[in-house]
Amino acid sequence: MGFDLTLTHSFGSFDLDISLSGAAGVTVLFGPSGAGKTTVIRAMAGLLTPNQGHIKLAGQDVFCSQKKINIPTHKRGIGYVFQDARLLPHKSVAQNLTFNCSAPIDHDLMERLGIAHLLARRPHRLSGGEAQRVAFARALMHARHMLLLDEPLAALDAPRKAAILPYLDQLKSKSALPMLYVTHSVEELARLADQVIILDQGRVVQAGSVFDVLSEPSCIPYLGVHEAGSVLAGTIMQHGNGLSQLDTAIGPLEVPQLSGLPGEPVRIRLLARDIILAKQRPKEISARNILPVTIEHIAPGRGPGAAVTLRARDTKLLARITQRSRVELGLEPGLQIFAILKATSVSRGSVSY
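These remarks concern the structure in this document. Please read all numbers here as calculations on a predicted model, not as lab measurements.

Description of the layout of surface pockets
Phase 1: Of the pockets and cavities examined, the largest pocket occupies roughly 680 Å³.
Phase 2: Around the largest pocket, the lining comprises 22 residues; the ones closest to its centre are I78, F99, N100, R138 and H142.
Phase 3: Those elements giving two or more residues to the lining of the largest pocket turn out to be β7 (78–81) and α4 (128–142).
Phase 4: At 4 residues, α4 tops the list of elements feeding residues into the lining of the largest pocket.
Phase 5: Of the residues belonging to the lining of the largest pocket, the class tally is 11 nonpolar, 8 polar and 3 charged.
Phase 6: Within this model, the second largest pocket holds a volume of roughly 270 Å³.
Phase 7: Lining the second largest pocket are 15 residues, with I220, P221, V225, G301 and R302 sitting closest to its centre.
Phase 8: Where the lining of the second largest pocket is concerned, the elements lending two or more residues are α8 (220–223), β17 (289–300) and β18 (305–312).
Phase 9: Here the residues of the lining of the second largest pocket are counted per class, giving 9 nonpolar, 4 polar and 2 charged.

Considerations on the environment of R288
Phase 1: By secondary structure assignment, the location of R288 is in the loop between β16 (276–278) and β17.
Phase 2: Separated by 56 residues in the primary sequence, R288 and T344 place their C-alpha atoms 9.1 Å from one another.
Phase 3: In contact with R288, not counting residues within four places along its chain, are L243, E254, L341 and A343.
Phase 4: A distance of 2.6 Å separates the side chain of R288 from the side chain of E254, its partner in a polar contact.

Comments concerning unusual backbone geometry
Working note: non-glycine residues mostly have negative phi, and peptide bonds are mostly trans.
Phase 1: Positive phi is not limited to glycine here, since A58 has a value of about 50°.
Phase 2: Mapped onto the fold, A58 is located in the loop between β4 (52–57) and β5 (60–64).
Phase 3: Classification of A58 by relative accessible area gives partly exposed; the value is 33%.
Phase 4: Positive phi, close to 50°, is recorded for Q201, a residue that is not glycine.
Phase 5: Residue placement: Q201 occurs in the loop between β10 (195–200) and β11 (203–209).

Description of the packing of aromatic side chains
Phase 1: Applying the stated criterion across every chain, the model contains 2 aromatic pairs.
Phase 2: Measuring from centroid to centroid gives 6.4 Å for F11 and F14, while their planes differ by 25°, and the two rings are stacked.
Phase 3: Given the relative accessible area of 39%, F11 is considered partly exposed.
Phase 4: By relative accessible area, which is 19% here, F14 ends up buried.
Phase 5: Note on Y80 and F82: the rings are 4.1 Å apart at their centroids and 10° apart in plane angle, and the pair reads as stacked.
Phase 6: On the accessibility criterion, Y80 (12% relative accessible area) is buried.

Description of the side chain of R326
Phase 1: Summarising the element assignment, R326 is placed in helix α9 (residues 323–329).
Phase 2: Excluding residues that lie within four positions of it along the chain, R326 makes contacts with I298, P300, I321, L331 and E332.

Quick look at the nonpolar core
Phase 1: Residues L97, M110, L147, L168 and Y181 are the most contacted members of the largest nonpolar core, which totals 50 residues.
Phase 2: No other element matches the 8 residues that α4 contributes to this core.
Phase 3: In this view, L97 contacts I105, M110, L119, V134, A137, R138, M141 and H142; residues no more than four positions away in its chain are not counted.

Examining the sheet that holds strand β20 (residues 336–341)
Phase 1: On the basis of which strands lie adjacent, the open sheet formed by 5 strands has the order β16-β20-β17-β18-β19 and antiparallel pairing. Across the chains shown, the open sheet's two edge strands, defined by having one partner strand only, are β16 and β19 (315–322). Strand-to-strand twist in this sheet, taken as the mean axis angle between neighbours without regard to direction, amounts to 45°.

Concerning the pairing of strand β8 (residues 146–150)
Phase 1: Among the 5 residues in β8, 5 count as buried, and that is most of the element.
Phase 2: Two elements, β7 and β8, share 4 bridges in a ladder whose sense is parallel. By the bridge assignment for β8, V81 is matched with L149.
Phase 3: Both β8 and strand β9 (residues 178–182) contribute to a ladder of 4 bridges, which runs parallel. Directly across from L149, in β9, lies its bridge partner Y181.

What about the sheet that holds strand β1 (residues 2–11)?
Phase 1: On the basis of which strands lie adjacent, the open sheet formed by 5 strands has the order β2-β1-β4-β5-β6 and antiparallel pairing. In this open sheet, the two strands that pair with only one neighbour each are β2 (14–23) and β6 (69–70).
Phase 2: Note: β1 against β2, 10 bridges, orientation antiparallel. Looking at β2, one finds that F11 is bridged to F14.

Thresholds applied
- By convention here, each chain's residues receive numbers from 1 onward along its written sequence.
- With pLDDT at 70 or above as the cut-off, local features in this predicted model cover only qualifying residues; side-chain atom pairs require 80 or more to be listed or tallied, and sums for whole chains, interfaces and linings still use all residues.
- Hydrogens and water molecules were not included; the side-chain quantities draw on all heavy atoms of the structure.
- Of the grid points, spaced at 1 Å and generated over the protein atoms alone, those admitting a 1.4 Å probe that cannot get out make up cavities, while open sets with protein on both sides within 12 Å along at least five of seven lines make up pockets; any residue with an atom within 4 Å of a point is treated as lining.
- Grid points are joined across faces, edges and corners, and a volume is the space filled by probe spheres set on the points.
- Helix and strand assignments come from DSSP, with helices taken as H or I runs of at least 4 residues and strands as E runs of at least 2, each series counted from the N terminus.
- Gly counts as polar in this scheme, as do all residues outside two lists: the nonpolar Ala, Val, Leu, Ile, Met, Phe, Trp, Tyr, Cys and Pro, and the charged Asp, Glu, Lys and Arg.
- Any two residues whose heavy atoms approach within 4.5 Å are treated as being in contact.
- Polar contact is the term for a pair of N or O atoms within 3.5 Å; when the atoms are in protein, one must be able to donate a hydrogen and the other to accept it, and sequence-neighboring residues count only if both atoms are side-chain atoms.
- Residue exposure (1.4 Å probe, protein chains only): buried if accessible area is under 20% of the type maximum, exposed if over 50%, otherwise partly exposed.
- Side-chain rings of Phe, Tyr and Trp (the six-membered ring for Trp) are treated as a pair once their centres are within 6.5 Å; stacked means planes under 30 degrees apart, edge-to-face means over 60, and tilted covers the remaining angles.
- Among buried residues, the Ala, Val, Leu, Ile, Met, Phe, Trp, Tyr and Cys ones that are joined through side-chain atoms within 4.5 Å form a nonpolar core.
- Two strands pair under a simple rule: DSSP has to find at least two bridges between them.
- In this analysis, axes come from line fits to C-alpha atoms, helices being fitted only over the stretch in contact, and the angle between any two N-to-C directions falls in the range 0 to 180 degrees.

None of this, on its own, says anything about what the molecule does.
Here it is as structure tokens:
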């Protein structure tokens, strides 16, 4: 399964001109407000007819301006999750799930989403998090070819968002559906994305795996200097003394203890601002993670900072330092140095498993 699209569309002074493709897994559309993210997802769903282009789902045309094909929304095999749940207030949860859907209720899915006990309730008796989980279930029951998620957590407060993110982790790991996910949250992007596509003013400015895009200095203006960093995949090796030891592509790392079991996969986020650089391996230091790295590139920022691209084994990391530190240390591309990361710098909230 997968999707492929090329679209051209105009809204007054705004022009969208893009080509995207993706396979199973989560493709995140990211970028500033007005970049065209929701326009793309509405076109995929058939809620907007582009001026020109084509959209293919699972190898079949659902829209093609040249062939004059425009399959109606309800026949595209797409599930759509909006910012708000949009449940029918006069129907029960079970009736909402089966409305305009011929598929029977999947009770295993209801259990995974934690809503099996809610099927007889009306929407007004659901919490915001429960209602959104019902919306996810409804979308999945309609999604034969693809799942579209348009900022599905944006309307939730932090505790409700934290409660739903594990369900999205499960959905990602257990489903073969391609998912197109729109968000303004770097945390959601880092945790869920397989592929990232950054849009700006209706154009694709960066695309690639989440591991490559988040380590790219040119993406810092879109992510923000405080959110820029790297994402690493790893495996839990063992727990002890309040820490978890991970096996990652850059070597062993120690992080605050996780609830996963040894052998389970993890994904961690290393913020560029939390990485300290040293020309010599430090001694008698409290930091638990000291990594030999090579400087690949240094990109000056608009202010006093500079983004330093590091190579650790075959993996890129991103550090952010001041221009003054760069000059005083004499840092240049090709120099072999050490990256230092406190175990407590790796946020528990940035880890998924």
